[in-house]
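As a plain string of letters, each chain reads:
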Amino acid sequence: MEFNKWGNIVVDDRCKTSLDGVYAGGDIVLGAATVILAMGQGRIAGAAINDHLAGKK
Ligand SMILES: Cc1cc2nc3c(=O)[nH]c(=O)nc-3n(C[C@H](O)[C@H](O)[C@H](O)COP(=O)(O)OP(=O)(O)OC[C@H]3O[C@@H](n4cnc5c(N)ncnc54)[C@H](O)[C@@H]3O)c2cc1C
């Protein structure tokens, strides 16, 4: 899995990591941030995971 120089997981705009089928969000991606941002990424990742499991791009 790809990490940046601060040790955070690198994700794309749908919270997908460099590993197929693995998603991440929140502080481990953003660094120390806020609950609002973490929850937002949770929603994005959830939708992306749903698409992945449904065989959509
Ligand atoms: C003291 C303090 C005060 C804060 N106050 C505010 C505030 O007022 N408002 C605000 O918006 N934000 C605040 N924040 C920031 C906010 O808490 C975080 O941005 C938010 O909790 C990030 O959510 P998360 O789900 O990404 O990570 P976390 O909430 O840290 O959740 C990660 C979870 O993963 C678990 N975990 C870790 N390693 C493993 C493992 N190997 N296996 C299984 N589980 C594991 C942890 O136990 C934890 O439950 C504060 C943070 C701190 C430290």
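Residues numbered from 1 in each chain as written. Predicted model: local features only at pLDDT ≥ 70, side-chain atom pairs only at ≥ 80, totals over all residues.

Participant: Go over the overall build of the protein with me, naming the residues and quoting the values.
Facilitator: Across its full length, the protein holds two helices and zero strands. The C-alpha radius of gyration computed for the protein amounts to 11 Å, which stays within 12% of the reference 10 Å derived for 57 residues, consistent with globular compactness. Here the C-alpha coordinates of the protein stretch approximately 30 × 25 × 10 Å along the principal axes. A burial count over the protein gives 16% of its 57 residues as buried. For the protein, contacts bridging at least 24 residues in sequence account for 21% of all contacts bridging at least 6. (Helix = DSSP H or I, 4+ residues; strand = E, 2+ residues; numbered from the N terminus. Rg over C-alpha atoms; globule rule 2.2 N^0.38 Å. Buried ≥ 20, exposed ≤ 12 C-beta atoms within 10 Å, placed from the backbone. Contact = placed C-beta atoms within 7 Å.)

Participant: For the site of the ligand, give the residues involved together with the corresponding values.
Facilitator: As a structural note, the neighbourhood of the ligand is formed by Gly26, Asp27, Ala33, Thr34, Val35, Ile36 and Ala38. By residue number, the principal contributor to the shell around the ligand is helix H2 (residues 35-53), which donates three residues. Of the residues belonging to the shell around the ligand, the class tally is four nonpolar, two polar and one charged. (Near = placed C-beta within 6 Å. Nonpolar A, V, L, I, M, F, W, Y, C, P; charged D, E, K, R; others polar.)

Participant: Go over the nonpolar core with me, naming the residues and quoting the values.
Facilitator: Residues Ile9, Val11, Cys15, Tyr23, Val29, Ala45 and Ala48 constitute the largest nonpolar core, which totals seven residues. Contacts of Tyr23, omitting those with residues within four sequence positions, involve Cys15, Lys16, Thr17, Ala45, Ala48 and Ile49. (Core = buried A, V, L, I, M, F, W, Y, C linked by C-beta atoms within 7 Å.)

Participant: So what's going on with unusual backbone geometry? Residues and values would help.
Facilitator: Within the chain, Cys15 stands out as a residue other than glycine whose phi angle is a positive 70°. If you trace the backbone, Cys15 turns up in the segment before helix H1 (27-30). Note on Cys15: 23 C-beta atoms within 10 Å, which makes it buried.

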